[in-house]
Amino acid sequence: PKVKGMWWNPNWIPLAGSGNGHYICVDTDPGPEGRPGQVIVYFYDSGERPVIAHSIESWMEDFVTNLEKGEVKVSYDEILETWVFDQPGLLNFSNN
């Protein structure tokens, strides 16, 4: 497998969160078929840990490209006091 079959690994570095327990993480301790630095999604309510990019660089390049194309919605949540980015696919935390 590309990602070790663990509930949580302290070597997964969160980059972004959904606000309800899902995270996009850099995996610095991959499984035998994975790559150090691959980007994964951690679902708090599922054991699924999909790889969504081979590196943080490729994940960020996709994000910036889609931001420039207007495919990313950016807003400020005054209640949470944080910026919110919505990009289907790249920042999608749905595991359905």
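Criteria and cut-off values
Residues numbered from 1 in each chain as written. Predicted model: local features only at pLDDT ≥ 70, side-chain atom pairs only at ≥ 80, totals over all residues. Heavy atoms only, no water. Pairing = 2+ DSSP bridges. Helix = DSSP H or I, 4+ residues; strand = E, 2+ residues; numbered from the N terminus. Axes fitted to C-alpha atoms, helices over the stretch in contact; angles between N-to-C directions. Contact = heavy atoms within 4.5 Å. Core = buried A, V, L, I, M, F, W, Y, C linked by side-chain atoms within 4.5 Å. Buried < 20%, exposed > 50% of the residue type's maximum accessible area, 1.4 Å probe, protein only. Expected span 1.5 Å × (residues − 1). Arc of directions from axis to C-beta. Phe/Tyr/Trp six-rings, centres within 6.5 Å; stacked < 30°, edge-to-face > 60°. Lys NZ or Arg CZ within 6 Å of the ring centre and 35° of its normal.

Attention shifts here to the sheet that holds strand β4 (residues 51-53). The sheet built from four strands is open, its strands ordered β1-β2-β3-β4 with antiparallel pairing. On the outer flanks of this sheet lie β1 (12-17) and β4, each paired with one strand and no other. Going from strand to strand, the sheet's axes swing by 35° on average, the running direction of each strand aside. Where strand β3 (residues 38-42) meets β4, two bridges bridge the pair, whose relative direction is antiparallel. Within β4, the position partnered with Val-39 by the bridge is Ala-53. The sheet strands contacting helix α1 (residues 56-68) are β1, β2 (23-27), β3 and β4, and the helix crosses β4 at an angle near 65°.

Glancing now at the nonpolar core. With six residues, the main nonpolar core is built from Ile-24, Val-39, Val-41, Phe-43, Ala-53 and Trp-59. Listed in part, the five residues of the second largest apolar core include Val-3, Trp-12, Ile-40 and Tyr-42.

Turning our attention to α1. Under the 1.5 Å per step criterion, the end-to-end length of α1 is 18 Å for 13 residues, consistent within 8% with the ideal 18 Å. Residues of α1 that are buried: Trp-59, Phe-63 and Asn-66. For α1, the angular spread of buried residues about the axis comes to 70°, placing them on one side. Exposed residues on α1 whose side chains face more than 90 degrees from its buried face are Glu-61 and Glu-68.

Take the pairing of strand β5 (residues 73-77) next. Both β5 and strand β6 (residues 82-86) contribute to a ladder of five bridges, which runs antiparallel. Considered in β6, the bridge of Tyr-76 is made with Trp-83. Connecting the antiparallel pair β5 and β6 is a turn made up of four residues, with Glu-81 showing a positive phi of about 55°.

Considering all chains together, one arrives at six aromatic pairs under this definition. Consider the rings of Trp-8 and Trp-12, whose centres lie 5.5 Å apart with planes at 90°: the pair is edge-to-face. Using a relative accessible area of 1% as the deciding quantity, one classes Trp-12 as buried. Geometrically, the ring pair formed by Trp-12 and Tyr-42 is tilted, given 6.3 Å between the ring centres and 50° between the ring planes. One end of the pair, Trp-12, is in strand β1; the other, Tyr-42, is in strand β3, with 30 residues separating them in the sequence. The same class applies to Trp-12 and to Tyr-42, which are both buried. Across the ring face of Trp-7, the terminal group of Arg-49 is positioned such that the distance to the ring centre comes to 5.0 Å.

By themselves, these figures tell us nothing about what the structure is for.
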